[in-house]
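Spelled out from the first residue to the last, the chains are:
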Amino acid sequence: MALWYWYENNGSLTTSQHHPPLSRPIATAAEWLTPPIVSNLHGHFARWTSAQISPGPVIPQRLWIDQDGRAAFRIADGEPAAMPVVGAGEALAQWFVLLSKWMEIHVVLARSRTVWPHSQLLGALPFITPSLLPRQLAQFPPDNWEQVARGLAATVAEGAVALDIQLENGKS
């Protein structure tokens, strides 16, 4: 039996046979995606990565959101698995590609910088390619993986420059 999983504002993982109240599939809730909601979505998704738990493939068919920016994942069999050994990079790559199907990539990435450290953003970059993205995500229009890869590469490069400047000035 499929179950829904999401994090509550108190940080607890909730499981239910039903999606959260007042939530909808992300593909039908595009009008809700404003910059503040994208920030909230990043925060809710970060709870998964911080807990080292994987929601599985981050694809439109499995993700429902609400107007507060809570993200719920439908898991058809079993329960969430441990984050893979490669870390959160694979999940983050999928997350960025998914959100940028409905929101400008510069907004998605600008809002992500306040949630994930530079090293985790860097870890997502190698996974943004059609051969490593779930088929359901890579083939879901628009075809945006290259735009996401370029945007994330620029974001990572900007972060590296900022880190270099801090180190040169004696700040760690």
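Rules used throughout
Residues numbered from 1 in each chain as written. Predicted model: local features only at pLDDT ≥ 70, side-chain atom pairs only at ≥ 80, totals over all residues. Heavy atoms only, no water. Core = buried A, V, L, I, M, F, W, Y, C linked by side-chain atoms within 4.5 Å. Buried < 20%, exposed > 50% of the residue type's maximum accessible area, 1.4 Å probe, protein only. Helix = DSSP H or I, 4+ residues; strand = E, 2+ residues; numbered from the N terminus. Contact = heavy atoms within 4.5 Å. Axes fitted to C-alpha atoms, helices over the stretch in contact; angles between N-to-C directions. Parallel < 35°, antiparallel > 145°, perpendicular 65-115°, else oblique. Left-handed = near helix turned anticlockwise from the far one by under 90°. Nonpolar A, V, L, I, M, F, W, Y, C, P; charged D, E, K, R; others polar.

Give a description of the nonpolar core that names residues and reports values.
With 44 residues, the main nonpolar core has Phe45, Trp95 and Phe96 as its most contacted residues. For this core, the elements supplying multiple residues, two or more each, are strand E1 (3–7), helix H1 (35–50), strand E5 (63–65), strand E6 (71–75), helix H2 (89–99), helix H3 (105–112), helix H4 (118–124) and helix H6 (145–168). The leading source of residues in this core is H2, at eight residues. Setting aside residues no more than four positions away along its own chain, Phe45 makes contact with Pro55, Val58, Phe73, Ala91, Leu92, Trp95 and Trp116.

Give me the packing of H1 against H2: which residues, what numbers.
Running from amino to carboxyl end, H1 crosses H2 at an angle of 160 degrees, the nearest separation of the two axes being 12 Å. One way to sum up the angle between H1 and H2 is to call them roughly antiparallel. The interaxial crossing formed by H1 with H2 has right-handed handedness. Together, Val38, Leu41, His42 and Phe45 of H1 and Ala91, Leu92, Trp95, Phe96 and Leu99 of H2 make up the contact between the two elements. Classifying every residue of the contact of H1 with H2 gives eight nonpolar, one polar and no charged.

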